[in-house]
There are 2 protein chains.
Amino acid sequence: MIMYRNLMYICFRKEIALHLLMIKNMKNSQLYKGSLNTIIMKLLEENGKMYGYEITQKVKAITSGELNITEGALYPALHKLEAEGILDVEIEKVDNRMRKYYKLTEKGTTETVNRLSELEDFIRNMQSLVNPSPKLEF
Amino acid sequence: MIMYRNLMYICFRKEIALHLLMIKNMKNSQLYKGSLNTIIMKLLEENGKMYGYEITQKVKAITSGELNITEGALYPALHKLEAEGILDVEIEKVDNRMRKYYKLTEKGTTETVNRLSELEDFIRNMQSLVNPSPKLEF
DNA sequence: TTAATATACCTAACATGATTATGTATAGGA
DNA sequence: TCCTATACATAATCATGTTAGGTATATTAA
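None of the values given here were measured: they were computed from a predicted structure.

Cut-offs used in this document
Residues numbered from 1 in each chain as written. Chains lettered and ligands numbered in written order. Predicted model: local features only at pLDDT ≥ 70, side-chain atom pairs only at ≥ 80, totals over all residues. Heavy atoms only, no water. Axes fitted to C-alpha atoms, helices over the stretch in contact; angles between N-to-C directions. Helix = DSSP H or I, 4+ residues; strand = E, 2+ residues; numbered from the N terminus. Parallel < 35°, antiparallel > 145°, perpendicular 65-115°, else oblique. Left-handed = near helix turned anticlockwise from the far one by under 90°. Contact = heavy atoms within 4.5 Å. Nonpolar A, V, L, I, M, F, W, Y, C, P; charged D, E, K, R; others polar. Phe/Tyr/Trp six-rings, centres within 6.5 Å; stacked < 30°, edge-to-face > 60°. Buried < 20%, exposed > 50% of the residue type's maximum accessible area, 1.4 Å probe, protein only. Lys NZ or Arg CZ within 6 Å of the ring centre and 35° of its normal. Near = heavy atom within 4 Å. Polar contact = N/O pair within 3.5 Å; in protein donor to acceptor, adjacent residues only side chain to side chain. Pairing = 2+ DSSP bridges.

Enquirer: I tried to follow the packing of helix α2 (residues 36-47) of chain A against helix α4 (residues 71-83) of chain A on my own but got confused; where do I start?
Expert: Helix-helix packing: each pair is described by the crossing angle between the helix axes and the interaxial distance. All names here are of chain A. Between α2 and α4, whose axes approach to 10 Å, the crossing angle comes to 70°. Here α2 is positioned roughly perpendicular relative to α4, judged by the angle of their axes. Considering the relative orientation of α2 and α4, their crossing is right-handed. Contacts between α2 and α4 pair Leu 36, Asn 37, Ile 40 and Met 41 from the former with Ala 73, Leu 74, Ala 77, Leu 78 and Leu 81 from the latter. Of the residues assigned to the contact of α2 with α4, the class counts are eight nonpolar, one polar and no charged.

This is the structure:
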């Protein structure tokens, strides 16, 4: 009986853990829409070259698991950035597995500056909107 | 001739001004996608009740004209929030013109706290991603 | 007086950017 | 042997927004 109760307890904890994880991932709210390209470009600016899977892991690590880039969003985004001449691709084979390394082109590097500037403006504006500075009322 | 040149000069300046304005508004980039509901709810939390047009003007003012909410986005968003029980509506007639005043319901007030918390998380995560703290390398 | 601008609402067609669900394939551990 | 991790990809669908129209009243400038 004790064993069953322990098992149930473990299962219950697992349920809770999964549930909390889901809630956490629910935070992948609509807010992140539109920021994926900027994230990719900034990471490439920092790290020189990265492959898709690496990007998802890096983002997960940096945000303590709060932001999980879905592959269905990532790969099309990478292809689009490549088509736009923002990224260059280079295929390598590591451990018999394919890797597509992406890096910023010259144009991409310039464009990254703009995107980051837009992001700063966006964040500044959002902070003005939700964190209004105390009104000067006399 | 002088007059023509002056006229041309003025027109030219106007062209530039318009162009700069367009560029400015181009900053209405994809980043803002997903943040409209949060903006609306926060403004209503602060101001008690507001009508649609008032919201567009307020946002424009707060962001120094950098963010212009389009009516095609605003009105459907208000209707959706009302349908979800986040907002209550109350119609008034001022100066022979209709105004639909929106205010947060009780549920809406609770929900606003969550949205703002999500926004803070989002901003924090984005800052971690693009503004990485200096690496501790020895 | 007439034209333009501002106020105030609305919606439909289209575009964009994501999620969800699926598929392929290799490597390693329980 | 099966599950998980690594590593790529795409198609169907959904959410959200832009663009472009529409109605109507009030005010201001030419």
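Once the structure has been displayed, the description carries forward.
Enquirer: Explain the packing of aromatic side chains to me, please; I cannot follow it from the model alone.
Expert: Given two aromatic rings, their pairing is described by the distance between the two centres and the angle made by the two planes. Going through the model one piece at a time under the given rule, you end up with five aromatic pairs over all chains. On the basis of an interplanar angle of 90° and a centroid distance of 4.7 Å, the ring pair of Phe 122 of chain A and Tyr 32 of chain B is categorised as edge-to-face. Highlighted residues: Phe 122 of chain A in helix α5 (residues 106-130) and Tyr 32 of chain B in the loop between α1 (2-26) and α2 (36-47), drawn from two different chains. Comparing Phe 122 of chain A with Tyr 32 of chain B, the two get one shared label, buried. Relative to Tyr 101 of chain B, the ring of Tyr 51 of chain B has its centre 5.2 Å away and its plane inclined at 80°; by these criteria the two rings are edge-to-face. Remark: Tyr 101 of chain B occurs in strand β3 (residues 97-104) and Tyr 51 of chain B occurs in strand β1 (residues 49-51); sequence separation between them is 50 residues. Taken together, Tyr 32 and Phe 122 of chain A together with Tyr 32 and Phe 122 of chain B form an aromatic cluster joined through their ring pairs. Directly above the ring of Tyr 101 of chain A sits Lys 49 of chain A, whose terminal nitrogen or CZ lies 4.4 Å from the centroid.

Enquirer: Teacher, can you tell me more about the protein's contact with DNA strand D here?
Expert: Not every one of the 26 residues close to DNA strand D is listed here, only the nearest: Gln 30, Tyr 51, Tyr 53 and Lys 100 of chain A together with Thr 70 of chain B. Contacts to DNA strand D include Gln 30 of chain A, whose side-chain N or O atom sits 2.7 Å from a sugar or linking oxygen. In the model, a phosphate oxygen of DNA strand D is placed 3.4 Å from a nitrogen or oxygen of the Gly 52 of chain A main chain. Looking at the surface near DNA strand D, the elements that each hand over two or more residues are α3 (52-62), α4 and β3 (97-104) of chain A together with α4 (71-83) of chain B. Looking at which element gives the most residues to the surface near DNA strand D, the answer is α4 of chain A, with five residues. Within the surface near DNA strand D, the residues separate by chemical class into eight nonpolar, nine polar and nine charged.

Enquirer: I tried to follow unusual backbone geometry on my own but got confused; where do I start?
Expert: For residues other than glycine, phi is negative in most cases, and the peptide bonds are mostly trans. All names here are of chain A. Of note in the backbone geometry, Asp 95 takes a positive phi value of approximately 55° without being a glycine. By secondary structure assignment, the location of Asp 95 is in the loop between β2 (87-94) and β3. Take Asp 95: its relative accessible area is 68%, and that puts it in the exposed class.

Enquirer: What should I look at first to understand the sheet that holds β1 of chain B in this one?
Expert: In a beta sheet, neighbouring strands are held together by backbone hydrogen bonds and run either parallel or antiparallel to one another. Residue and element names in this part refer to chain B. If you walk across this open sheet you meet the three strands as β1-β3-β2, and the pairing is antiparallel. Two strands close off the open sheet at either side, each with one partner strand: β1 and β2 (87-94). Each strand of the sheet is rotated relative to its neighbour by a mean of 35°, with strand direction disregarded. In this structure, β1 lies alongside β3, joined through three bridges in antiparallel fashion. The partner of Lys 49 across the bridge, within β3, is Lys 103.

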